[in-house]
Amino acid sequence: MENWLTDIINEFGYLGIMFLIALENIFPPIPSEVILTFAGFATTTSNLSILGVVVASTVGSVAGAIVLYVIGLQLDVERLEKIVDRWGHILRITKKDVHRADAWFDKYGPWTVFLCRFVPLIRSLISIPAGMSNMNFGLFLLFTTLGTLIWNVVLIYLGASVGSSWDTIVEYMDLYSKFVYILLIVLFIALVVVYVRKRRMRK
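Here is what the cut-offs are and how they apply
- Residues numbered from 1 in each chain as written.
- Predicted model: local features only at pLDDT ≥ 70, side-chain atom pairs only at ≥ 80, totals over all residues.
- Heavy atoms only, no water.
- Helix = DSSP H or I, 4+ residues; strand = E, 2+ residues; numbered from the N terminus.
- Buried < 20%, exposed > 50% of the residue type's maximum accessible area, 1.4 Å probe, protein only.
- Contact = heavy atoms within 4.5 Å.
- Core = buried A, V, L, I, M, F, W, Y, C linked by side-chain atoms within 4.5 Å.
- Axes fitted to C-alpha atoms, helices over the stretch in contact; angles between N-to-C directions.
- Parallel < 35°, antiparallel > 145°, perpendicular 65-115°, else oblique.
- Left-handed = near helix turned anticlockwise from the far one by under 90°.
- Nonpolar A, V, L, I, M, F, W, Y, C, P; charged D, E, K, R; others polar.
- Patch = residues over 30% accessible without salt bridge, like charges linked within 9 Å, V, L, I, M, F, W, Y side chains within 5 Å.
- Areas by Shrake-Rupley, 256 points an atom, 1.4 Å probe, with all protein chains shown as cover.
- Salt bridge = Lys/Arg side-chain N within 4 Å of Asp/Glu carboxyl O.
- Phe/Tyr/Trp six-rings, centres within 6.5 Å; stacked < 30°, edge-to-face > 60°.
- Expected span 1.5 Å × (residues − 1).

A. Main features of the overall build of the protein. Of the regular secondary structure elements, the protein holds nine helices and zero strands. Element order for the protein, N to C, with α for helix and β for strand: α-α-α-α-α-α-α-α-α. Put simply, the protein has 203 residues, and 43% of those count as buried. Contacts in the protein between residues far apart in sequence, at least 24 positions, make up 75% of those at least 6 positions apart.

Now the structure itself:
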């Protein structure tokens, strides 16, 4: 996949970067780390500029996030309630749980969107619950753009700084991603345990 990504950047420049980053947001398995660090390196060997790459990648990222936000809008609370009515007894989820989660996102949604932009995989998918909770679109754009801009600037700058050794940054980012995934799994298991215990105490 890396060869395919770098070929597109070499061939189409800013438009290629914008397209790949938008695609990465919609299909998270595509690694933004490879796109951004190589794009940063490309600024040292072509007529691409760091500012141009930052703008192109940020526009692409925000565009992809908007697509997922719109998808989330189609899965509003009412539709989730219908899903819970049908499958809630299997998933052990009630309408109250749905409303509690929705209220939590209404309160902390903007900062959640911002912070999740630094978490691999989740950085893309967070746009869906933002849409589901009908988060204010202006706030969504603001915090998405800020978080994305910081992520992009750091990786592009690192790619430009290390030059032909840009793939070393990718290796470190892989380690970072694995650490985050393990942390998320542990957190998920802990939340499930707490949730189950609370359910048992209510009975």
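B. Highlighting the nonpolar core. By size, the foremost hydrophobic cluster in this structure holds 22 residues, and its most contacted members are L5, I9, I17, L20, I35, L36 and V53. Secondary structure elements with two or more residues in this core: α1 (2-26), α2 (32-42), α3 (50-73) and α8 (137-162). If you look at the next biggest cluster of nonpolar residues, it comprises 11 residues, including V113, F114, I126 and M135.

C. Structural context of the packing of α2 against α8. Taken N-terminus to C-terminus, the directions of α2 and α8 make an angle of 50°; their axes are 6 Å apart at the nearest point. One element, α2, and the other, α8, form an angle in the oblique class. Between α2 and α8 lies a crossing of right-handed hand. Across from S32, E33, L36, T37, G40 and F41 in α2, the residues of α8 making contact are W151, N152, L155, I156, G159 and A160. Partitioning the contact of α2 with α8 into residue classes produces six nonpolar, five polar and one charged.

D. The arrangement of unusual backbone geometry in detail. Residues other than glycine seldom take positive phi values, yet N134 does so here, at roughly 55°. Within the secondary structure, N134 is located in the loop between α7 (127-132) and α8.

E. The arrangement of the environment of V55 in detail. In this fold, V55 is placed in helix α3. Exposure remark for V55: the relative accessible area of 46% places this residue in the partly exposed category. Residues V55 and I17 lie 38 residues apart in sequence; the distance between their C-alpha atoms is 9.8 Å.

F. Representation of a nonpolar patch on the surface within the structure. A contiguous nonpolar patch, built from I50, L149, I150, V153, V154, Y157 and L158 and spanning about 560 Å² of accessible area, is present on the exposed surface. Among the elements that make up the nonpolar patch, the one with the highest residue count is α8 (six residues). Its place among the elements puts I150 in helix α8. Classification of I150 by relative accessible area gives partly exposed; the value is 41%.

G. View of the packing of aromatic side chains. Applying the stated criterion across every chain yields a total of seven aromatic pairs. Seen in terms of ring centroids, Y69 and F137 are 5.3 Å apart; in terms of plane orientation they differ by 50°. Their pairing is tilted. Here the residue Y69 occupies a position in helix α3, and F137 occupies one in helix α8, the gap between them amounting to 68 residues. On the basis of relative accessible area, F137 is assigned to the partly exposed category, the value being 35%. Through successive ring pairs, a cluster of aromatic residues spans W111, F114, F118 and F143.

H. Quick look at the packing of α3 against α8. Contact geometry of α3 with α8 gives a least axis separation of 9 Å together with a crossing angle of 140°. If you check the angle between α3 and α8, you find them oblique. The chirality of how α3 crosses α8 is right-handed. Touching I50, V53, V54, S57, T58, S61, V62, A65, I66 and Y69 of α3 are F137, F140, L141, T144, T145, T148, L149, N152, V153, I156 and A160, all from α8.

I. Up close: α8. With 26 residues, α8 extends 37 Å from end C-alpha to end C-alpha; this agrees with the ideal 38 Å at 1.5 Å per step. Residues F140, F143, T144, G147, T148, W151, N152, L155, I156, G159 and A160 constitute the buried set of α8.

Taken by themselves, the reported measurements are silent on function.
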